[in-house]
Amino acid sequence: MDRTQLLLVGLPLFLFISDLFNLFTPPPQKPSSDHHHHHQLPSVIQQQPPQTLDFPTQKTAGIGAVGIGNTVSIDFCSSCSFRGTAVTMKNMLENQFPGVHVVLANYPPPLPKRLLSKVVPVFQFGVIGLVMGGEQIFPRLGFAVPPPWFYHLRANRFGTMATTWLLGNFFQSMLQSSGAFEVYCNGELVFSKLKENRFPGEIELKDLVGRRIANPRVVDGLGASSWS
């Protein structure tokens, strides 16, 4: 076998053996690339404490709470539907003068009107009872025969009772109403609806109460501007 034939036979045999060797040899593991970046990260991460934001809080004492120690009384006519106006003024004063104590109360009518208002229900039930059982009541009162007006009332008994009830309630409401809306600051009258014949405005009432609250502070050296 000459050299040329040996090369032609040996070269394919070498390639075949090389393929078999590579086929049964496990592939090499890929190197991990994480170790190249480990030196760039800090070993210890310092944690900073969380920062809290301080929000300003409303003062509840001192000059900021100009209403502390002061009392405002609003005496109104409850039977005149003045409660809504009184509540509105109360909320306004509490917002304008933090710490002020606002008291709402009913302003009663004069004593004669209060006494007459107690008589109206008695009259109502008396008329209704008379219409319903007058035939038994009059003989006990010494009348053998009921008077003629009784029969006129008895002819329309339901109308008579309804009219008596409605008119009685109307007169009782008039007797119990005083028409008052009186405002006191620390026991001193600052506004009177009975004298002015009108309601106070919100700005007007704020100024009137503010002057009464500011006066003691002028003595203390704080000045009247502390409440405005």
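Residues take numbers from 1 onward in each chain, read along the sequence in its written order. The predicted origin of the model limits local features to residues at a pLDDT of at least 70 and limits the giving and counting of side-chain atom pairs to 80 or more, whereas totals for whole chains, interfaces and linings rest on all residues. The basis for every side-chain value is the complete set of non-hydrogen atoms in the structure, without hydrogens or water.

K.L.:
Kindly report on the state of the cysteines, identifying the contributing residues and their values.
P.N.:
Two cysteine sulfurs form what is called a disulfide whenever their separation falls within 2.5 Å. On inspection of all chains with the given rule, the structure shows one disulfide. Residue Cys77 pairs covalently with Cys80 via a disulfide, S to S 2.3 Å. Residues Cys77 and Cys80 share a disulfide whose torsion about the S-S bond is about 65°; that sign makes it right-handed. Relative accessibility decides the category of a residue: with a 1.4 Å probe and only protein chains considered, values under 20% of the type maximum give buried, values over 50% give exposed, and everything between is partly exposed. By relative accessible area, Cys77 is classed as buried at 1%. Look at Cys80 and you get partly exposed, because its relative accessible area is 22%.

K.L.:
Tell me about unusual backbone geometry, residues and numbers included.
P.N.:
Of note in this structure, Ser81 is not a glycine but carries a positive phi near 60°. Within the element layout of this structure, Ser81 appears in the loop between β1 (71-76) and α2 (83-96). The exposure class of Ser81 is exposed, given its relative accessible area of 65%. A positive phi angle is found at Asn186, which is not glycine, with a value near 55°. To qualify as a helix, a DSSP run of H or I must reach at least 4 residues; to qualify as a strand, a run of E must reach at least 2; elements of each kind are numbered from the N terminus.

K.L.:
Account for the packing of helix α3 (residues 111-140) against helix α5 (residues 157-176), with residues named and values stated.
P.N.:
It is the contact of α3 with α5, at a shortest axis distance of 9 Å, that shows an interaxial angle of 175°. Taken together, the axes of α3 and α5 lie roughly antiparallel to each other. Taken together, the residues of α5 that come into contact with α3 (itself represented by Lys113, Leu116, Ser117, Val120, Pro121, Gln124, Phe125, Val127, Ile128, Val131 and Met132) are Arg157, Thr160, Met161, Thr164, Trp165, Gly168, Asn169, Gln172, Met174, Leu175 and Gln176. Classes in brief: Ala, Val, Leu, Ile, Met, Phe, Trp, Tyr, Cys and Pro nonpolar; Asp, Glu, Lys and Arg charged; the others, Gly included, polar. When the residues that make up the contact of α3 with α5 are grouped by side-chain class, the tally is 12 nonpolar, eight polar and two charged. Fitting a line to C-alpha atoms yields each axis, with helices limited to the stretch in contact; the angle taken between N-to-C directions then spans 0 to 180 degrees. Any angle from 65 to 115 degrees is called roughly perpendicular, while one under 35 is roughly parallel, one over 145 is roughly antiparallel, and all others are oblique. Contacts were defined at the residue level, with two residues in contact if any of their heavy atoms lie within 4.5 Å.

K.L.:
Before we move on, can you summarise the sheet that holds strand β2 (residues 101-106) with the specific residues and values?
P.N.:
Read from one edge to the other, the open sheet built from four strands follows the order β2-β1-β3-β4, with strand pairing classed as mixed. Whereas interior strands pair on both sides, the edge strands pair on one side only; in this sheet they are β2 and β4 (188-192). Direction aside, the axes of adjacent strands within the sheet are offset by 20° on average. Pairing between strands requires that DSSP locate at least two bridges from one strand to the other. Note that β1 and strand β3 (residues 181-185) share five bridges and pair antiparallel.

Any functional reading would require information that these geometric values do not contain.
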